[in-house]
Amino acid sequence: MSRKVSTEAIGVFDSGVGGLTVLRALKELLPQESFIYFGDTARVPYGTKGADTIIRYASESAMFLLEQKIKMLVIACNTVSAYALESLQKKMNIPVIGVIEPGVDSILAASKTKKIAVLGTTATIKSGAYEKQIKAICPEASVYSLPCPLFVPLVEEKMGQHRLARSVVEEYLIALKNTNIDAVLLGCTHYPLLRSAIEEVLNKVFSHSVTIVDSANTCATYVRRLLEKNELILPKPSNPSAYFVSDDPEKFKEMANLFLQNSLDQVELVQHKENTFFKII
Ligand code: DGL
């Protein structure tokens with residue numbers, strides 16, 4: 001069954017389920033808006049892939065959302081924001097916003113010493129996107145970028161609260177021991193679900209306090225500003241949000257309880273053929 005979607009919805013794209021952490025913040029700040037979420041669950045993770053593949057996957061997914069007549073696109077995925085934001089902005093005739101700039105704003109506001117750590121997927125860290133953006137705004141900042149490839153599978157296996165999560169977090173974060181950072185940016189959709197383990201480890205490694213920042217709330221503020229600027233904000237509640245995935249809607253629903261802290265009634269499967277996603281009618 002196909003759901004009738006609003007022509008006034010905001011598109012939210014992620015490689016899978018992780019972008020629901022960003023959607024949660026968007027829904028909180030903009031309760032009257034309707035959202036169309038697409039998670040490319042058939043091809044997740046993107047964070048282990050190369051630039052060309054990430055850009056191609058992102059473009060196909062964004063085009064699917066554009067066909068749903070969205071008024072704006074939010075790229076909730078850090079990896080996609082790092083590689084494909086510019087190309088998507090060029091390709092699409094609607095405002096497109098990623099999470100790098102909001103994340104950088106948040107971390108620079110949170111850090112007093114401007115000694116900053118950025119955690120992300122292997123691809124995000126390799127892109128240097130966060131570091132470049134931080135240095136562009138604050139050239140004197142010291143940025144310590146750390147790929148944490150085991151964090152995503154840990155969260156997806158619902159082991160964010162497990163003692164193993166703490167060991168893995170410690171294994172990565174110990175590298176920051178001699179850096180004297182005062183703020184850590186969670187540069188990946190999944191990492192807010194490891195926040196307590198990260199906090200515990202930071203408390204152990206550092207004798208001073210280290211602030212943990214994620215980009216979801218600042219991203220939502222950016223979106224509101226952009227909607228206001230473009231006079232796109234809805235004055236009253238519109239249609240319900242819709243959810244599309246490229247694989248296993250049932251698993252997505254189950255994971256949504258964790259990432260969105262809300263249950264979803266309906267998630268639609270879309271088909272991928274000849275580099276295009278189609279709704280199954
Ligand atoms: N959504 C991705 C990100 O924020 C994490 C999952 C993946 O690797 O695709 O970077």
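This is a predicted model, so every value here is computed, not measured.

Focus: the overall build of the protein chain
Looking only at helices and strands, the protein chain features 11 helices and 11 strands. Taken over C-alpha atoms, the radius of gyration comes to 18 Å for the protein chain, in line with the 19 Å a tight globule of 281 residues would show. In the protein chain, buried positions account for 54% of the 281 residues. Here the analysis covers contacts within the protein chain between residues at least 6 apart in sequence; of these, 76% occur between residues at least 24 apart.

Digging into the site of the ligand
Close contacts around the ligand come from 13 residues, with Ser15, Tyr46, Gly47, Thr79 and Thr189 the closest. Ser15 places a polar side-chain atom, nitrogen or oxygen, 2.6 Å from an oxygen atom of the ligand. For the ligand, an oxygen atom lies 2.6 Å from a polar atom in the side chain of Thr79. Relative to its unbound accessible surface of 290 Å², the ligand loses 99% to contact with the protein.

Points about the nonpolar core
Among the nonpolar cores identified, the biggest contains 77 residues, and Leu20, Leu26, Leu119, Phe151, Leu173, Ile198 and Val223 are the most heavily contacted of them. The element contributing the most residues to this core is helix 10 (residues 216-229), with 6 residues. With sequence-adjacent residues up to four places away left out, Leu26 is seen in contact with Val12, Phe35, Val74, Ala220 and Val223.

Comments concerning the sheet that holds strand 9 (residues 242-245)
Pairing is mixed across the open sheet formed by 7 strands, whose spatial order is 4-3-1-2-9-10-11. At either margin of the open sheet sits one strand with a lone partner, and together these are strand 4 (96-97) and strand 11 (276-279). As paired elements, strand 2 (residues 35-39) and strand 9 share 4 bridges and run parallel to each other. Bridge pairing links Gly39 to Val245 in strand 9.

Here we look at the packing of helix 2 (residues 51-67) against helix 3 (residues 78-91)
For the pair helix 2 and helix 3, interaxial distance at closest approach is 9 Å and the crossing angle is 55°. For the element pair helix 2 / helix 3, the angle class is oblique. The two elements helix 2 and helix 3 meet at a crossing, and its hand is right-handed. Every residue of helix 3 that contacts helix 2 at Ala51, Ile54, Ile55, Ala58, Ser59, Ala62 and Met63 is listed here: Thr79, Val80, Tyr83, Ala84, Ser87, Leu88 and Lys91.

Focus on the packing of aromatic side chains
Describing an aromatic ring pair means giving the distance of the ring centres and the angle of the ring planes. Enumeration according to the criterion identifies 11 aromatic pairs in this entry. Through a chain of ring-to-ring contacts, the aromatic side chains of Phe13, Phe38, Tyr46, Tyr57, Phe64, Phe244 and Phe277 assemble into a single cluster. Lying over the aromatic face of Tyr222, Arg225 brings its terminal NZ or CZ to 5.0 Å of the ring centre.

Brief notes about the environment of Val168
Along the chain, Val168 falls in helix 8 (residues 163-173). The exposure class assigned to Val168 is buried, which follows from its relative accessible area of 15%. Taking the C-alpha atoms as reference, Val168 lies 9.8 Å from Ile198; in sequence the two are 30 residues apart. The contact partners of Val168, leaving out residues within four places of it in the chain, are Leu150, Phe151 and Leu154.

Examining the pairing of strand 1 (residues 10-14)
The buried count for strand 1 comes to 5 of 5 residues, which makes it a mostly enclosed element. What you see with strand 1 is no split at all: Ile10, Val12 and Asp14 on one side and Gly11 and Phe13 on the other are buried throughout. Here strand 1 runs beside strand 2; their pairing, made up of 5 bridges, is parallel. Note on strand 2: the bridge partner recorded for Val12 is Tyr37. Between strand 1 and its parallel partner strand 2, the chain crosses via helix 1 (residues 20-29), and the hand of that crossover is right-handed. The pairing of strand 1 with strand 3 (residues 72-75) spans 4 bridges and is parallel. Its bridge partner lying in strand 3, Phe13 is registered against Ile75.

The rules we used
Residues numbered from 1 in each chain as written. Predicted model: local features only at pLDDT ≥ 70, side-chain atom pairs only at ≥ 80, totals over all residues. Heavy atoms only, no water. Helix = DSSP H or I, 4+ residues; strand = E, 2+ residues; numbered from the N terminus. Rg over C-alpha atoms; globule rule 2.2 N^0.38 Å. Buried < 20%, exposed > 50% of the residue type's maximum accessible area, 1.4 Å probe, protein only. Contact = heavy atoms within 4.5 Å. Near = heavy atom within 4 Å. Polar contact = N/O pair within 3.5 Å; in protein donor to acceptor, adjacent residues only side chain to side chain. Areas by Shrake-Rupley, 256 points an atom, 1.4 Å probe, with all protein chains shown as cover. Core = buried A, V, L, I, M, F, W, Y, C linked by side-chain atoms within 4.5 Å. Pairing = 2+ DSSP bridges. Axes fitted to C-alpha atoms, helices over the stretch in contact; angles between N-to-C directions. Parallel < 35°, antiparallel > 145°, perpendicular 65-115°, else oblique. Left-handed = near helix turned anticlockwise from the far one by under 90°. Phe/Tyr/Trp six-rings, centres within 6.5 Å; stacked < 30°, edge-to-face > 60°. Lys NZ or Arg CZ within 6 Å of the ring centre and 35° of its normal. Right-handed = clockwise from strand over helix to strand, strands pointing away.

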